[in-house]
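For reference, the chains in residue letters:
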Amino acid sequence: MNLEKLVEIGLLFEQYKMLLTDKQREIVSLYYNEDYSLGEISENLSVSRQGIYDTLKRSEKILKDYEAKLGLVKKSKEREKITQDIYNKVVDIKQDLLQNRDCANLIPKVENIEDLCREMLK
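Residues numbered from 1 in each chain as written. Predicted model: local features only at pLDDT ≥ 70, side-chain atom pairs only at ≥ 80, totals over all residues. Heavy atoms only, no water.

**Q** Can you walk me through helix α5 (residues 72–98) in this structure?
**A** In an α-helix, one full turn covers 3.6 residues, which means residues spaced three or four apart are oriented alike. Over its 27 residues, α5 extends 39 Å from the first C-alpha to the last, a length consistent with the 39 Å expected when each residue adds 1.5 Å. One or two steps after α5, the chain reaches Asn 100, where phi turns positive at roughly 55 degrees. (Helix = DSSP H or I, 4+ residues; strand = E, 2+ residues; numbered from the N terminus. Expected span 1.5 Å × (residues − 1).)

The structure is reproduced here in structure tokens:
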């Protein structure tokens, strides 16, 4: 399994897991979070390997469909990027203040933070 898919399904699962059935949730968690093989899950749950595979693929599709419709993971990533930008701007302003630079130069930086905050509130 490639790392990119592991991360993608992990993020989707964390966001939408409560929208899956108990059985789907258990299988996805065992496979992606606990790193169980299909055979191990099959043995532990007394379900055929093909049944586990089908449930896993169906669950992945359901998670992707929820994201396509709701976009919560995408919005979360966008908020995270904006938060990082705000943090970087605040650190930059702090450095300017520590170096006793002219405070008038800070106004555009503060306005930029204001714009980022406004974007987050949308």
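**Q** Before we go on, may I ask you to explain the nonpolar core in this structure?
**A** Counting 17 residues, the largest nonpolar core has Val 28, Ile 41, Leu 56 and Leu 63 as the members making the most contacts within it. Elements with a minimum of two residues in this core: α1 (3–16), α2 (22–33), α3 (38–45) and α4 (49–70). Here this core takes 5 residues from α2, the largest share from any one element. Here Leu 56 is in contact with Ile 27, Val 28, Tyr 31, Tyr 32 and Leu 38, once residues within four sequence places are set aside. Judged by nonpolar contacts, the second largest core, of 6 residues, contains Ile 86, Ile 93, Leu 106 and Leu 116. (Core = buried A, V, L, I, M, F, W, Y, C linked by side-chain atoms within 4.5 Å. Buried < 20%, exposed > 50% of the residue type's maximum accessible area, 1.4 Å probe, protein only. Contact = heavy atoms within 4.5 Å.)

**Q** Would you mind going over the packing of α2 against α4 with me for this structure?
**A** How two helices pack is summed up by the angle between their axes together with the distance between the axes. Between α2 and α4, whose axes approach to 9 Å, the crossing angle comes to 95 degrees. Viewed along their axes, α2 and α4 adopt a mutual orientation that is roughly perpendicular. Residues Gln 24, Ile 27, Val 28, Tyr 31 and Tyr 32 of α2 pack against Ile 52, Thr 55, Leu 56, Arg 58, Ser 59, Glu 60 and Ile 62 of α4. The residue makeup of the contact of α2 with α4, split by class, is 7 nonpolar, 3 polar and 2 charged. (Axes fitted to C-alpha atoms, helices over the stretch in contact; angles between N-to-C directions. Parallel < 35°, antiparallel > 145°, perpendicular 65-115°, else oblique. Nonpolar A, V, L, I, M, F, W, Y, C, P; charged D, E, K, R; others polar.)

**Q** Can you walk me through unusual backbone geometry in this structure?
**A** In this model, Asp 35 sits at a positive phi of 60 degrees, which is unusual for a non-glycine residue. Mapping Asp 35 onto the fold places it in the loop between α2 and α3. Notably, Ser 46 is not glycine yet its phi reads approximately 55 degrees, a positive angle. Tracing the backbone through its elements, the reader meets Ser 46 in the loop between α3 and α4.

**Q** Is there a simple way to explain the packing of aromatic side chains in this structure?
**A** Where two aromatic rings form a pair, the distance of their centres and the angle of their planes describe that pair. One pass over the structure, following the stated rule, counts 2 aromatic pairs. Between the aromatic rings of Tyr 16 and Tyr 66, the centroid separation amounts to 5.8 Å while the plane-to-plane angle is 25 degrees, which identifies the pairing as stacked. Remark: Tyr 66 occurs in helix α4 and Tyr 16 occurs in helix α1; sequence separation between them is 50 residues. Of the residues examined, Tyr 66 reaches a relative accessible area of 27% and is grouped as partly exposed. Aromatic pair Tyr 31 and Tyr 32: ring centres 5.0 Å apart, planes at 85 degrees, arrangement edge-to-face. For Tyr 32, a relative accessible area of 9% puts it in the buried group. (Phe/Tyr/Trp six-rings, centres within 6.5 Å; stacked < 30°, edge-to-face > 60°.)

**Q** So what exactly am I meant to see when it comes to the pattern of salt bridges here?
**A** Pairing between side chains of opposite charge can happen when the charged atoms of each approach one another. Taken as a whole and assessed by the stated rule, the structure comprises 9 salt bridges. Of the charged contacts, one joins Glu 60 and Lys 57 as a salt bridge, the two residues approaching to 3.3 Å between their closest N and O atoms. A residue pair is termed a helical-turn pair when its members lie 3 or 4 positions apart in one helix, as Glu 60 and Lys 57 do in helix α4 at 3 residues. Note on Glu 60: relative accessible area 5%, which makes it buried. Judged by its relative accessible area of 31%, Lys 57 is partly exposed. Its salt-bridge partner being Asp 65, residue Lys 61 comes within 2.9 Å of it at the nearest N-O pair. Of this pair, Lys 61 and Asp 65 are both found in helix α4, 4 residues apart, which corresponds to roughly one turn of the helix. Taking the relative accessible area as the measure of exposure, Lys 61 reaches 51% and is therefore exposed. A cluster of three or more residues bridged by salt bridges with shared partners is formed by Lys 5, Lys 57 and Glu 60. (Salt bridge = Lys/Arg side-chain N within 4 Å of Asp/Glu carboxyl O.)

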